[in-house]
Amino acid sequence: MSALYRQYHGPLLAFVVRLTAGDRQWAEDVVQETMIRAWRSAERLDPDAASLMPWLATVARRIVIDDRRRRESRPAELGDGPLESLPVPDEMEKLLHQVVVSEALRALSPAHREILNETILRDRSVNDAAEALGIPVGTVKSRVYYAVRALRVALEERGVTA
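Summary of the structure given here.

Thresholds, definitions, all that
- Residues numbered from 1 in each chain as written.
- Predicted model: local features only at pLDDT ≥ 70, side-chain atom pairs only at ≥ 80, totals over all residues.
- Heavy atoms only, no water.
- Helix = DSSP H or I, 4+ residues; strand = E, 2+ residues; numbered from the N terminus.
- Rg over C-alpha atoms; globule rule 2.2 N^0.38 Å.
- Buried < 20%, exposed > 50% of the residue type's maximum accessible area, 1.4 Å probe, protein only.
- Contact = heavy atoms within 4.5 Å.
- Axes fitted to C-alpha atoms, helices over the stretch in contact; angles between N-to-C directions.
- Parallel < 35°, antiparallel > 145°, perpendicular 65-115°, else oblique.
- Left-handed = near helix turned anticlockwise from the far one by under 90°.
- Nonpolar A, V, L, I, M, F, W, Y, C, P; charged D, E, K, R; others polar.
- Patch = residues over 30% accessible without salt bridge, like charges linked within 9 Å, V, L, I, M, F, W, Y side chains within 5 Å.
- Areas by Shrake-Rupley, 256 points an atom, 1.4 Å probe, with all protein chains shown as cover.
- Salt bridge = Lys/Arg side-chain N within 4 Å of Asp/Glu carboxyl O.

**Structural notes on the overall build of the protein**
Looking only at helices and strands, the protein has eight helices and zero strands in total. Ordered by position from N to C terminus, the α and β elements of the protein give α-α-α-α-α-α-α-α. Relative to a compact globule of 162 residues, whose C-alpha radius of gyration would be 15 Å, the protein shows 38 Å and is clearly more extended. Along the three orthogonal principal directions, the C-alpha set of the protein runs to about 105 × 30 × 25 Å. By the burial criterion, 25% of the 162 residues in the protein qualify as buried. For the protein, the proportion of contacts with a sequence separation of at least 24, taken over those separated by at least 6, is 58%.

**Quick notes on the packing of helix α6 (residues 110-121) against helix α7 (residues 126-133)**
Packed helix pairs are specified by the crossing angle of their axes together with the interaxial distance, meaning the distance between the axes. Two numbers describe how α6 lies on α7: the axes approach to 9 Å, and their chain directions differ by 130°. When the interaxial angle is binned, α6 and α7 end up oblique. The element α6 and its partner α7 pack so that their crossing is right-handed. Contacts between α6 and α7 involve E114, I115, E118 and T119 on the former and, on the latter, A129, A132 and L133. Partitioning the contact of α6 with α7 into residue classes produces four nonpolar, one polar and two charged.

**Some details on unusual backbone geometry**
It is generally the case that most residues other than glycine have a negative phi and that most peptide bonds are trans. Phi at A21 is positive, roughly 55°, even though this residue is not glycine. Locating A21 in the fold gives a position in the loop between α1 (2-19) and α2 (24-40). For A21, a relative accessible area of 71% puts it in the exposed group. The residue D123 is not glycine, and still its phi comes out positive at about 55°. Summarising the element assignment, D123 is placed in the loop between α6 and α7. Judged by its relative accessible area of 68%, D123 is exposed.

**Regarding a nonpolar patch on the surface**
On the surface, a cluster of nonpolar side chains totalling about 350 Å² of accessible area is made up of M92, L95, L96 and V99. In this structure, M92 sits in helix α5 (residues 91-106).

**A closer look at the side chain of T20**
Here T20 lies in the loop between α1 and α2. Assessed through its relative accessible area of 3%, T20 is described here as buried.

**As for the packing of α1 against helix α3 (residues 53-72)**
Direction vectors running N to C along α1 and α3 enclose 40°, while the axes themselves pass 10 Å from each other. What the angle tells us is that α1 and α3 run oblique. As for the relative orientation of α1 and α3, their crossing is right-handed in sense. For the pair α1 and α3, the contacting residues are L4, Y8, P11, L12, F15, V16 and L19 in the first and M53, L56, A57, A60, R61, V64 and R68 in the second.

So this is what it looks like as structure tokens:
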């Protein structure tokens with residue numbers, strides 16, 4: 001095998017460089033793969049043949065064809081350039097707002113939390129909230145008013161401004 005490599009490496013590499021349009025690295029890989037296949041098929045090679053170059057060239061040409069087909073069967077890689085400029089939503093800001101609002105809601109009285117939960121979070125009307133809580137409509141209106149004021153103060157204490 002080493003004699004085969006020494007004898008055919010140069011001519012085979014020159015042939016494969018032409019097949020790969022001057023891409024020497026690719027050509028080196030193809031020559032290496034060709035030599036591995038020759039080693040695996042050593043029992044089938046004719047030692048009395050005048051030259052093994054036709055067989056090696058055919059194998060190398062098929063490897064190049066297979067490599068081209070493999071490359072063409074998937075989209076070209078563009079690198080990281082386009083991904084670096086792709087805007088990614090920053091979920092951290094949203095998460096921080098949720099934490100601050102949650103803390104501010106916990107700072108409210110249970111009655112104020114309950115009324116905001118019914119009217120704002122569950123999107124119920126004043127009449128529906130009054131019915132769900134079993135309190136008069138007027139009480140719902142005043143609690144919503146004072147709960148929103150208390151929530152605004154709690155948020156301002158945490159650095160959130162309108």
